[in-house]
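Report on the structure
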Amino acid sequence: MSLRHALLGLLHEQPASGYDLMQVFNASLHNIWPATQSQVYSELTKLAASGLLSVSAQGPRGRKEYTLTDAGRAELQHWLVEVETDVHPRSEGLLKVFLLGAVSRDQATGFLAWLGKMADKDVAAMEALDASIEWEDEDLHVYGRLVLEFAKRLAAMSREWSDWAVEQINASGGAPGQRQQSAD
């Protein structure tokens, strides 16, 4: 996924300024596709220059409201329907887990426990977000709630997995994968 398509999708609902889009990002997409203010404003400028957005209104202090053009709508639909989704995203955390054989058992279980704590924080934050939103029948709410529920379930599963992984290491004779150095 790209920030480009996230912005096109958000503007599909209604025109918005960069500030408005940042508010939506922070309230909904931050957990799955975070973006900084500078990234959003830079991408909006690029999208407008390429004809996928137009500036529909300008306000004080250079505030611009962007509207999806027909070309932008076509690009969004092309990406949603025709571009194959990468269902195998990279995970730095899981790469580290894969390589934990290079550290002590205590360090390995400490890292796994930390992953569990992060998952707990994620669940709590998403539950608070869920409780703060007055869910409506508009598309962003319907599909946003589906994504939020997936993220909550994934974080809860990650917490459960973290506990299981710590148990696996503790039940083994040593940290899985650690090789004993031979004394030659």
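These notes cover the structure that comes with them. All values derive from a computational prediction rather than experimental measurement.

1. Regarding a negative patch on the surface
Taken together, Glu134, Glu136, Asp137, Glu138 and Asp139 make up a surface patch of like negative charges. Taking relative accessible area as the criterion, Asp139 reaches 40% and is therefore assigned partly exposed.

2. Topic: the side chain of His5
Examined against the element boundaries, His5 turns out to sit in helix H1 (residues 3–13). In this view, His5 contacts Glu75, Leu76 and Trp79; residues no more than four positions away in its chain are not counted.

3. With respect to helix H2 (residues 18–29)
Of the positions making up H2, those classed as buried are Gly18, Leu21, Met22, Phe25 and Leu29. An end-on view of H2 places all buried positions within 105° of arc, on one side of the element. Each element contacted by the buried residues of H2 is listed here: H1, strand E1 (16–17), helix H3 (37–49) and strand E3 (64–68).

4. Description of the pairing of strand E2 (residues 53–58)
Relative to E3, E2 runs antiparallel, the two sharing 5 bridges. Counted as the bridge partner of Leu53 is Leu68 from E3. Between E2 and E3, which pair antiparallel in sequence order, lie 5 residues; one of them, Arg61, sits at a positive phi of approximately 55°.

What counts, and where the lines are drawn
- Residues numbered from 1 in each chain as written.
- Predicted model: local features only at pLDDT ≥ 70, side-chain atom pairs only at ≥ 80, totals over all residues.
- Heavy atoms only, no water.
- Patch = residues over 30% accessible without salt bridge, like charges linked within 9 Å, V, L, I, M, F, W, Y side chains within 5 Å.
- Areas by Shrake-Rupley, 256 points an atom, 1.4 Å probe, with all protein chains shown as cover.
- Salt bridge = Lys/Arg side-chain N within 4 Å of Asp/Glu carboxyl O.
- Lys, Arg positive; Asp, Glu negative; His and termini not counted.
- Charge placed at Lys NZ, Arg CZ, Asp CG, Glu CD.
- Buried < 20%, exposed > 50% of the residue type's maximum accessible area, 1.4 Å probe, protein only.
- Helix = DSSP H or I, 4+ residues; strand = E, 2+ residues; numbered from the N terminus.
- Contact = heavy atoms within 4.5 Å.
- Arc of directions from axis to C-beta.
- Pairing = 2+ DSSP bridges.

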